[in-house]
Amino acid sequence: MNSPILEYLMSYGIDPAYIMIGISAVLILLIILYLVCIVKMKKLRKAYNCFMKGKDMESMEEVLMKQFDRIEVLEEADREKRKEINSLKILMQKSYQKAGLVKYDAFREMSGKLSYALALLDQNDNGVIITSMYSRDGCFSYAKEVIMGESKINLSEEEQEALEKAVNGEKITE
């Protein structure tokens, strides 16, 4: 067997047996890779058949369309909930959010701290101070308007303390 390619390789000292061994090794590697691909393909086909089991393409399309409809309903409900939350935020700004309470004895003759000053303020420190003074003769209540944390009417020491507690956001402890 006289081949110009073999003679050329032999002139550089390359034995054709090494070339055959190399080609055989590459062939074996390719066969192994082919078998791995076949195994992976079988697993993929098995998963696909399991997914599609009992379903034709029309029914699968129906399932997907139902899911899309559900998503649209959920998105609409989400939009409605966001509107409700925003309206609640607006209402919260107008509601009383801060309170300060000071209990005291209005008249030194009585004990038990039955009189009180209660400050109720919104987010902008607007609101009212309600004062109730208890005595043996009766109970007297007063209300004073608060705007931006201040009252135009003079405040008693207890009312001023209740207002400061409310403005500073202190917890009612009494």
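Residues numbered from 1 in each chain as written. Predicted model: local features only at pLDDT ≥ 70, side-chain atom pairs only at ≥ 80, totals over all residues. Heavy atoms only, no water.

Draft legend 1. Inspection of the sheet that holds strand S1 (residues 98-104) at higher detail. Across the sheet, 4 strands lie side by side as S1-S2-S3-S4; this open sheet has antiparallel pairing. Only two strands of the sheet have a single neighbouring strand rather than two, namely S1 and strand S4 (138-146). For this sheet, the mean inter-axis angle between neighbouring strands, taken without regard to orientation, is 10°. Two strands pair when backbone bridges link them, and S1 and strand S2 (residues 115-121) are joined in this way by 7 bridges, in the antiparallel orientation. In the sheet register, Lys-98 faces S2, and the bridge partner there is Leu-121. On top of the sheet, helix H4 (residues 157-168) reaches S1, S2, strand S3 (127-135) and S4; it is set at about 150° to S1, its chief contact. (Pairing = 2+ DSSP bridges. Helix = DSSP H or I, 4+ residues; strand = E, 2+ residues; numbered from the N terminus. Axes fitted to C-alpha atoms, helices over the stretch in contact; angles between N-to-C directions. Contact = heavy atoms within 4.5 Å.)

Draft legend 2. Quick peek at the environment of Arg-108. Relative to the assigned elements, Arg-108 resides in the loop between S1 and S2. With relative accessibility at 71%, the residue Arg-108 sits in the exposed group. Measuring from C-alpha to C-alpha, the distance between Arg-108 and Ile-153 comes to 24 Å, with 45 residues separating the pair along the chain. (Buried < 20%, exposed > 50% of the residue type's maximum accessible area, 1.4 Å probe, protein only.)

Draft legend 3. Inspection of the pattern of salt bridges at higher detail. Under the criterion given, the structure shown has 4 salt bridges. Here Lys-98 ties to Asp-125 by a salt bridge, and the two come within 2.7 Å at their closest N and O atoms. You can see Lys-98 sitting in strand S1 and its partner Asp-125 sitting in the loop between S2 and S3, a full 27 residues away along the chain. Assessed through its relative accessible area of 22%, Lys-98 is described here as partly exposed. You can call Asp-125 buried: its relative accessible area is 16%. One salt bridge connects Glu-159 with Lys-144, and the closest N-O pair in it is separated by 2.8 Å. Of this pair, Glu-159 sits in helix H4 while Lys-144 sits in strand S4; the two residues are 15 residues apart in sequence, bridging distant segments of the chain. Residue Glu-159 is classed as buried on the basis of its relative accessible area, which comes to 3%. The exposure class assigned to Lys-144 is buried, which follows from its relative accessible area of 14%. (Salt bridge = Lys/Arg side-chain N within 4 Å of Asp/Glu carboxyl O.)

Geometry only, nothing functional implied.
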